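# Coordinates in review
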Amino acid sequence: MKTRLDTLLYDAVLAYCIDKTLRGYDQAIEYGRISGFFTVDNQLTPRGRDFAQTLTDSN
């Protein structure tokens, strides 16, 4: 169950970053790192996790 939630949160932030960059995965990940949402290993940071919660709660 936790893995499913983690995937949902990751996908929410990634979709947000793709919408912001309008360029695709690599640019979205870079934007997410600069914004503090992803680590260098492409994992959600605590900030990214909190942001994902707000994204998923509003849907």
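Our subject is the structure that appears above.
So, here's what we can say about the structure. Just so it is clear, the structure is predicted and the values come from calculations on it, not from any experiment.

With that settled, the discussion passes to unusual backbone geometry. Of note in this structure, L22 is not a glycine but carries a positive phi near 55°. Tracing the sequence through the fold places L22 in the loop between α1 (2-21) and α2 (25-34). Even without a glycine there, the phi angle at N42 is positive, about 65°. As for its position among the elements, N42 is in the loop between α2 and α3 (46-57).

Our focus in this paragraph is the environment of D11. Topologically, D11 is positioned in helix α1. For D11, a relative accessible area of 42% puts it in the partly exposed group. In this structure, the C-alpha to C-alpha distance between D11 and N42, residues 31 residues apart in sequence, is 12 Å.

With 20 residues, α1 should reach 28 Å at 1.5 Å per residue; the first-to-last C-alpha distance of 29 Å fits that figure. Among the residues of α1, those classed as buried are L9, Y10, A12, V13, L14, C17 and T21. Close packing links the buried residues of α1 with α2 and α3. Downstream of α1 by one or two residues, L22 has phi in the positive range, about 55°.

Let us now look at the pattern of salt bridges. The final tally for this structure, using the stated rule, is two salt bridges. Note that R49 and D6 form a salt bridge whose closest N and O atoms lie 3.0 Å from each other. Taken together, the residues R49 in helix α3 and D6 in helix α1 connect sequence positions 43 residues apart. Classification of R49 by relative accessible area gives partly exposed; the value is 30%. Two residues, R33 and E30, come together in a salt bridge whose shortest N-O distance is 3.6 Å. A residue pair is termed a helical-turn pair when its members lie 3 or 4 positions apart in one helix, as R33 and E30 do in helix α2 at three residues. Owing to a relative accessible area of 31%, R33 belongs among the partly exposed residues under this scheme.

The rules behind these values
Residues numbered from 1 in each chain as written. Predicted model: local features only at pLDDT ≥ 70, side-chain atom pairs only at ≥ 80, totals over all residues. Heavy atoms only, no water. Helix = DSSP H or I, 4+ residues; strand = E, 2+ residues; numbered from the N terminus. Buried < 20%, exposed > 50% of the residue type's maximum accessible area, 1.4 Å probe, protein only. Expected span 1.5 Å × (residues − 1). Contact = heavy atoms within 4.5 Å. Salt bridge = Lys/Arg side-chain N within 4 Å of Asp/Glu carboxyl O.

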